[in-house]
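The lines below spell out each chain.
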Amino acid sequence: MSFTYRHRKELIILLFIVIVTGITTFALLNTKTKVISKKPKNKILTLKKEVQKEDILKELKVDVKGYVNNPGLYTLNENERVEDAINKAGGLKEGASTEVINLSKKLKDEMVIIIYSIDEVNNFVKTKELEKEKINSCINNVEEVVNNACIEIKDENNKLININTASLEDLIKIDGIGESKAEAIIKYRNEHLFTNLEELKNINGIGESTYNKIKESLTI
């Protein structure tokens, strides 16, 4: 075998190896590039989803009162709970009790959270009666001016009956109000809305004793 032929054969083999190596290297680099380029896109997509999720959370206004360091109106979101509202109000004051508070309860808009002291909880019946008396004073104040910001006291049916909006059926449910008195209440409010509960005494058949009996179940 001549030198030239042997040399040519080696060159062909070497060239083949170079080509195969080049193709393999190119394929590997191309695959790696695709993997790298995909990762940022997935990350960006995930971030976009997280931002969108945060954007749709509803904001709530919650009134925190009582034994907290900074009572007041606070803005939170619908995923937060009573414990979060207390923390936002500066946390519990010394002597506060959460014995009757559901710390895990989810917040709602216009929610009122009242934190009582240990002494108040130990004498809770008296505390609730005092609170009820204060709220009634707010609703039926001496100036006879309507204060729509007053807290409403809930009865056994879970709410006070509004004499300006209640149906005939709802009015009849009130102990001491029959069908004729309920119809008279509706007739009265159709002419002019009630501005205070004592106007009920203007209706025939509702005297002082009947009024005192039913006023705790009503609001305007």
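The notes below deal with the structure included here.

Reading guide: rules and limits
- Residues numbered from 1 in each chain as written.
- Predicted model: local features only at pLDDT ≥ 70, side-chain atom pairs only at ≥ 80, totals over all residues.
- Heavy atoms only, no water.
- Phe/Tyr/Trp six-rings, centres within 6.5 Å; stacked < 30°, edge-to-face > 60°.
- Lys NZ or Arg CZ within 6 Å of the ring centre and 35° of its normal.
- Buried < 20%, exposed > 50% of the residue type's maximum accessible area, 1.4 Å probe, protein only.
- Helix = DSSP H or I, 4+ residues; strand = E, 2+ residues; numbered from the N terminus.
- Pairing = 2+ DSSP bridges.
- Polar contact = N/O pair within 3.5 Å; in protein donor to acceptor, adjacent residues only side chain to side chain.
- Contact = heavy atoms within 4.5 Å.
- Core = buried A, V, L, I, M, F, W, Y, C linked by side-chain atoms within 4.5 Å.

**Some remarks on the packing of aromatic side chains**
Right, on to step 1. All chains considered together, the criterion is met by 1 aromatic pair.
Right, on to step 2. Here the guanidinium or amino end of Lys93 rests over the ring plane of Tyr67, the centre of that ring lying 5.4 Å away.
Right, on to step 3. The positively charged end of Lys201 is found above the aromatic ring belonging to Tyr211, 5.0 Å away from the centroid.

**Considering the pairing of strand β4 (residues 111–117)**
In the case of a regular strand, side chains alternate between the two sheet surfaces.
Right, on to step 1. In terms of burial, β4 is a largely internal element, 5 of the 7 residues being buried.
Right, on to step 2. Summarising the sheet, strand β3 (residues 96–97) and β4 pair through 2 bridges and their orientation is antiparallel. Within β4, the residue paired with Ser97 across the bridge is Tyr116.

**Observations regarding the sheet that holds β3**
Right, on to step 1. If you trace the 4 strands from one edge of the open sheet to the other, you get β2-β1-β4-β3, paired in mixed fashion. This sheet does not close on itself; its edge strands, each paired only once, are β2 (72–77) and β3.
Right, on to step 2. Pairing analysis gives 6 bridges linking strand β1 (residues 59–66) to β2, with the strands arranged antiparallel. Among the inter-strand pairings, Glu59 is bridged to a residue of β2, identified as Asn77.

**A short note on the side chain of Ser97**
Right, on to step 1. In this fold, Ser97 is placed in strand β3.
Right, on to step 2. Polar contacts involving the side chain of Ser97 include one to the main-chain amide nitrogen of Glu99, which spans 3.2 Å.
Right, on to step 3. If we skip the residues at most four places from it in the chain, Ser97 touches Ile115, Tyr116, Ser117, Ile118 and Val121.

**Section: the environment of Ile56**
Right, on to step 1. The residue Ile56 is located in the loop between α1 (3–55) and β1 in this model.
Right, on to step 2. For Ile56, a relative accessible area of 67% puts it in the exposed group.

**A word on the nonpolar core**
Right, on to step 1. If you look at the biggest cluster of nonpolar residues, it comprises 19 residues, and the most contacted ones within it are Ile163, Leu171, Ile185, Phe194, Leu200 and Leu218.
Right, on to step 2. Elements with a minimum of two residues in this core: α6 (179–191) and α7 (208–214).
Right, on to step 3. Leave out the neighbours within four places in its chain, and Ile163 touches Leu171, Ile185, Arg189, Phe194, Leu197, Leu200, Leu218, Thr219 and Ile220.
Right, on to step 4. Counting residues in each nonpolar core, the second largest holds 16 residues, with Leu60, Ala89, Ala96 and Met111 among its members.

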